[in-house]
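The lines below spell out each chain.
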Amino acid sequence: MPKIKFLPSGAEFVVMKGETILDVALANGVSIQHACGGFCACTTCHCEVIEGTENLEAPDKDELERLDVLDSRTPKSRLACQSKISGNVTVRVVNAE
Ligand code: FES
């Protein structure tokens, strides 16, 4: 089973097939903003993928358009609600609640 590690806390969790970064965070009490409820309509769930980018489903057009408006975007940026996990990843939460 894949695992995800959240930074800065270092908390690790097992991931079920098809879960997003946001799904795992909310199910395990990891503090992360999600103003639109996970519908790719805001950018508050912004996170940076530190390791395992290849273990996330590629961003679709809608996610890329959202990321384009982020001033704080980096090459490692993803939206947690749109990022389905298929293998081990380490992510840094940008906007904790
Ligand atoms: S929660 Fe709004 S885009 Fe992810």
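Please refer to the structure placed before this passage.
Structure report, in brief. (Residues numbered from 1 in each chain as written. Predicted model: local features only at pLDDT ≥ 70, side-chain atom pairs only at ≥ 80, totals over all residues.)

## With respect to the overall build of the protein chain
Broken down by element type, the protein chain carries two helices and five strands. Taken from N to C terminus, the helices and strands of the protein chain fall in the order β-β-α-β-α-β-β. For 97 residues, the compact-globule estimate of 2.2 N^0.38 gives 13 Å, and the protein chain sits close to it at 12 Å. Taken over the C-alpha atoms alone, the protein chain extends approximately 35 × 25 × 20 Å along its principal axes. Across the 97 residues in the protein chain, those meeting the buried criterion constitute 28%. Restricting to contacts in the protein chain with at least 6 residues of sequence separation, those with at least 24 account for 69%. (Helix = DSSP H or I, 4+ residues; strand = E, 2+ residues; numbered from the N terminus. Rg over C-alpha atoms; globule rule 2.2 N^0.38 Å. Buried ≥ 20, exposed ≤ 12 C-beta atoms within 10 Å, placed from the backbone. Contact = placed C-beta atoms within 7 Å.)

## Description of the sheet that holds strand 3 (residues 46-51)
The five strands lie next to each other as 2-1-5-3-4, forming an open sheet whose pairing is mixed. At either margin of the open sheet sits one strand with a lone partner, and together these are strand 2 (11-14) and strand 4 (77-79). Taken pair by pair, the neighbouring strands of this sheet meet at an average axis angle of 35°, ignoring direction. Of the pairings in the sheet, the one linking strand 3 to strand 4 comprises three bridges and is antiparallel in character. Counted as the bridge partner of Cys47 is Arg78 from strand 4. (Pairing = 2+ DSSP bridges. Axes fitted to C-alpha atoms, helices over the stretch in contact; angles between N-to-C directions.)

## Notes on the nonpolar core
Counting residues in each nonpolar core, the largest one holds 20 residues, and the members touching the most others are Ile4, Ile21, Ala25, Ala80 and Val91. For this core, the secondary structure elements donating two or more residues are strand 1 (3-7), helix 1 (21-27), strand 3 and strand 5 (89-93). The biggest single contributor to this core is helix 1, with four residues. If we skip the residues at most four places from it in the chain, Ala80 touches Thr20, Ile21, Leu22, Ala25, Ile32, Cys45 and Cys47. (Core = buried A, V, L, I, M, F, W, Y, C linked by C-beta atoms within 7 Å.)

## Overview of the environment of Ile21
Residue placement: Ile21 occurs in helix 1. Given 27 C-beta atoms within 10 Å, Ile21 falls into the buried group. Remark: the alpha-carbon pair of Ile21 and Asp71, spanning 50 residues in sequence, is separated by 21 Å. Excluding residues within four positions of it along the chain, Ile21 makes contact with Ile4, Cys47, Ala80, Ser83, Ile85 and Val91.

Keep in mind that these numbers describe shape and distance, not what the molecule does.
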